[in-house]
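What follows is each chain in one-letter form.
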Amino acid sequence: MPTDLLRCLTSLLEIAFLIGLALLATNAATGLETDVSRHLPRTLVAPLHTLAFIALLVLPVALAIRLVIMGQLRQFIEAVLIGLIAAGVAIGCAELLQLPSLDSLYRALVRSGSPAGATALDPYLAALATYLTVIGLSGRPRWRTWFWIAISFYCLTSVALAHDTSTVLSLLITLALGAAVGSGLRYVVGTTSERPPAAEIAGALSLAAIPVVEIRRVPDGRPESRRYTAVSADGERLDVTVFDRDQQAADFLYRLYRRLRLTSQASRSVPVTVNRAVERSALMAYAVEDAGVPTPKLLAALRVGPEAAAVATRHATGTTLADLPNPPSDRLLGAVWDAVRQLHRHRVTHRSLTPDHILVTGDGRDGAVMLLDPSDGDIAASDLQIRLDLAQLTAALALLVGPERAAALARQKVGQATMTSLVPLLQPVVLHRSTRASLRRHKDVLPALRKGLIGTAPEPAPELEQLERIKPRSAITLVAVVIAAYLIIGQLGRRNFLPVLRQSDWRWILVGLLLSAVTYAGASWSLSGFVLEKLRFARTVLAQLAGTFVTLVAPAAVGGVALNIRYLNKAKVAPADSASSVAVSQVIAFALHMTLLVVFIAITGGAHRAPFHVPGWAYFALAAIAAVALSVLAVPAGRRVIRSRLAPTLGQVIPRLLDIAQRPAKLAEGIGGALLVTFGYILCLQVSVLAVGAHAPFFAVAVVFLTGNAIGSVVPTPGGLGAIEIALSGALATIAHVPTAFALSAVLLFRLLTFWLPIPVGYVAIKYLQRQDAL
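Let us look at the structure shown here. From a predicted model like this one, the values you see are computed outputs, not experimental measurements.

Some details on the environment of Ile565
Okay, so step 1: Within the secondary structure, Ile565 is located in helix α22 (residues 556-570).
Okay, so step 2: On the accessibility criterion, Ile565 (23% relative accessible area) is partly exposed.
Okay, so step 3: Here the alpha-carbon distance between Ile565 and Val582, two residues 17 residues apart in the chain, equals 6.7 Å.
Okay, so step 4: Non-local contacts of Ile565, meaning those with residues more than four positions away in its chain, are made with Ser578, Ala579 and Val582.

Quick notes on the nonpolar core
Okay, so step 1: Leu568, Leu685, Val704, Leu732 and Val738 are the most contacted members of the largest nonpolar core, which totals 57 residues.
Okay, so step 2: In terms of residue count, the dominant contributor to this core is helix α29 (residues 740-756) (nine residues).
Okay, so step 3: The contacts of Val704, once residues within four sequence positions are left out, are Leu685, Leu728, Ala731, Leu732, Ile735 and Ala736.
Okay, so step 4: Residues Val293, Leu321, Leu343 and Leu390 belong to the second largest nonpolar core, which totals 51 residues.

Focus on the sheet that holds strand β1 (residues 212-218)
Remark on secondary structure: sheet strands pair via backbone hydrogen bonds, oriented parallel or antiparallel.
Okay, so step 1: Taken together, five strands build an open sheet; the order of strands is β1-β2-β3-β5-β4 and the sheet is antiparallel. Of all strands in the sheet, those bounded by a partner on one side alone are β1 and β4 (298-303). For this sheet, the mean angle separating the axes of adjacent strands, direction not counted, is 25 degrees.
Okay, so step 2: In this structure, strand β3 (residues 237-244) lies alongside strand β5 (residues 308-314), joined through seven bridges in antiparallel fashion. Along β5, the bridge assignment pairs Phe243 with Ala309.
Okay, so step 3: The sheet strands contacting helix α9 (residues 198-207) are β1, β2 (226-232), β3, β4 and β5, and the helix crosses β1 at an angle near 135 degrees.
Okay, so step 4: Contacting β3, β4 and β5, helix α11 (residues 274-290) runs over the sheet at an angle of about 170 degrees to β4.

Quick word on the packing of helix α20 (residues 506-528) against helix α26 (residues 664-691)
Geometrically, a packed helix pair is captured by the angle between its two axes and the distance between the axes.
Okay, so step 1: It is the contact of α20 with α26, at a shortest axis distance of 7 Å, that shows an interaxial angle of 160 degrees. Of the possible angle classes, the one that applies to α20 and α26 is roughly antiparallel. In this structure, α20 meets α26 at a crossing whose hand is left-handed.
Okay, so step 2: Here the contact of α20 with α26 is built from residues that sort into 16 nonpolar, eight polar and two charged.

Calculation rules
Residues numbered from 1 in each chain as written. Predicted model: local features only at pLDDT ≥ 70, side-chain atom pairs only at ≥ 80, totals over all residues. Heavy atoms only, no water. Helix = DSSP H or I, 4+ residues; strand = E, 2+ residues; numbered from the N terminus. Buried < 20%, exposed > 50% of the residue type's maximum accessible area, 1.4 Å probe, protein only. Contact = heavy atoms within 4.5 Å. Core = buried A, V, L, I, M, F, W, Y, C linked by side-chain atoms within 4.5 Å. Pairing = 2+ DSSP bridges. Axes fitted to C-alpha atoms, helices over the stretch in contact; angles between N-to-C directions. Parallel < 35°, antiparallel > 145°, perpendicular 65-115°, else oblique. Left-handed = near helix turned anticlockwise from the far one by under 90°. Nonpolar A, V, L, I, M, F, W, Y, C, P; charged D, E, K, R; others polar.

Okay, structure coming up:
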């Protein structure tokens with residue numbers, strides 16, 4: 001049952017909260033325990049503790065006997081077995097708390113002065129919590145009361161006893177752990193359904209003066225309810241909706257997410273109880289009927305046992321708009337608009353105006369319409385809620401009959417001014433779930449509908465209205481900022497830049513800053529050179545700066561590529577062209593990198609002063625790589641794998657490269673930008689070496705950068721943290737013969753100029769581009 005999953009997640013969140021409380025508020029918890037011990041009469045603590053413990057032994061046995069007598073032996077066995085598992089989990093967690101790395105948490109969960117090895121968690125209490133969770137006490141109020149009284153006295157007296165090591169937090173964590181294990185395993189294993197069957201539902205309806213002679217289940221996609229069709233004794237057909245307590249949680253997390261994401265008027269309420277769901281359904285049925293809009297008549301709203309309730313309505317014959325064999329006529333669609341407008345005149349909304357909720361009665365093309373299932377609607381609706389209802393109807397009809405026809409009919413029924421005001425609300429996030437799913441399959445419908453609704457209006461297209469409290473993009477950015485801050489603090493904690501800056505020549509540092517800035521201009525040219533469409537230079541430079549921040553929280557080969565593709569998509573470049581342009585720029589940059597590496601190695605190796613000699617192990621490594629490559633190519637399966645990996649990339653790169661080759665200026669811009677990036681970094685590293693007071697040949701520094709950057713980019717860490725510094729400092733010492741101390745200082749200065757300092761600028765660039773809807 002979804003309720004079990006929800007309870008498990010809630011219990012886990014409670015455990016996390018209590019652990020944080022134990023680490024941050026240890027003194028407050030200790031003070032609470034002291035107050036409890038001081039105010040409870042000491043002469044009564046021990047007897048009460050004994051009585052509570054005996055009650056916690058007797059009550060589970062009594063409940064087990066009752067279960068066996070009632071024929072629920074399987075539920076009892078499952079509760080005992082899962083309870084034993086929970087006891088084992090509690091023992092295991094108590095042993096983990098003995099680890100040295102968790103010593104601070106262990107000390108917060110046991111009483112001060114406790115002997116070494118004292119148990120922080122109570123296995124029996126965890127097993128009891130699991131036992132009760134699996135059995136379930138929601139329909140047994142007396143049992144629930146007695147168990148809570150016994151558990152409360154047991155916990156209070158445990159805290160008050162001087163020789164007990166338990167604390168308030170450890171007891172609460174134990175209970176939450178038992179609930180989490182019980183509900184989680186109950187969700188995995190399953191449980192006997194307590195939902196009332198069809199016969200019980202028919203009996204409840206008969207008691208409500210609606211004698212039912214036939215009832216059967218109707219398949220329905222709604223997770224929060226069950227649908228039945230019934231026939232009464234006088235032959236009248238009924239539609240019965242059953243709300244089960246456990247099913248109310250099926251859609252709870254999704255609706256809660258929508259409630260948190262959207263503003264209160266844009267999101268629908270979250271009925272978490274059966275009573276709330278039935279009351280809302282009945283209220284909306286009466287409100288729609290009072291507004292003079294046809295809807296199935298409510299006949300009964302009643303309880304069906306302790307765990308469910310039902311709503312019965314008179315069955316309406318007809319065909320929904322979604323099931324019409326032929327496209328609806330304009331007259332029929334006009335009747336739909338008239339019904340919805342009549343509803344809105346009484347300040348009532350439907351909020352689920354989809355084709356399957358609009359019933360056509362009588363003639364399939366020109367008959368009357370009836371609005372089905374208005375339980376998601378609003379009464380005393382605001383102007384925004386009415387406009388949202390109209391936006392939903394317009395989008396649903398656009399998917400049904402096409403955006404042009406839907407827009408023309410909407411303008412005819414409600415006027416150009418009203419339709420123009422709906423354009424800012426035509427956002428997938430505020431539409432019905434089924435409408436959003438259809439729009440994902442027909443991505444061209446919503447833009448065409450917006451264009452059709454604006455029509456010949458003289459005003460420019462209005463911007464989309466802000467209906468979200470927080471956007472997923474903003475949430476992801478916030479998480480990235482937190483991760484970035486954590487990484488920056490951790491990395492800066494292991495690097496001391498102050499001595500390096502004090503001992504460096506500030507004139508060279510300023511030159512290095514200028515060269516670092518030049519690399520971003522080169523990166524923008526490298527990207528725009530392989531895009532046939534014209535890009536704004538300033539925004540492209542900002543996008544490359546934003547890439548610095550992205551590479552802090554993702555590998556450069558992943559984050560930078562994804563960011564550039566998104567930037568090009570926002571710049572109105574087709575998705576296929578965006579991917580191919582970024583792929584070409586990456587391939588060209590790689591080819592230039594390897595070519596320059598070979599050239600500079602040859603030049604450095606032929607130098608008379610401090611020539612570079614390839615180590616002997618490098619030849620063996622190259623030979624091994626060549627042998628592996630030849631072995632893979634010799635096997636058909638290996639060739640197929642390589643072909644499958646290279647074919648998509650080559651399929652994107654070659655056509656785009658042929659297009660670019662026909663424009664020499666574009667090709668020169670792209671290659672020139674890639675070269676400017678590489679030489680900018682090489683010169684910046686050279687300047688960093690000079691700034692710390694060392695000297696190294698230019699070609700040797702070029703080999704150092706190209707080699708170290710290649711090694712660092714292979715390591716899949718955000719920003720190549722750690723790998724690039726090690727590779728560059730080692731290469732400077734071995735290839736360029738820079739003293740080790742100077743090499744490390746130069747690399748730290750180089751990374752400060754090219755990576756750490758641009759990070760805050762990159763974050764500002766991201767926020768600016770997001771506000772401009774350019775990223």
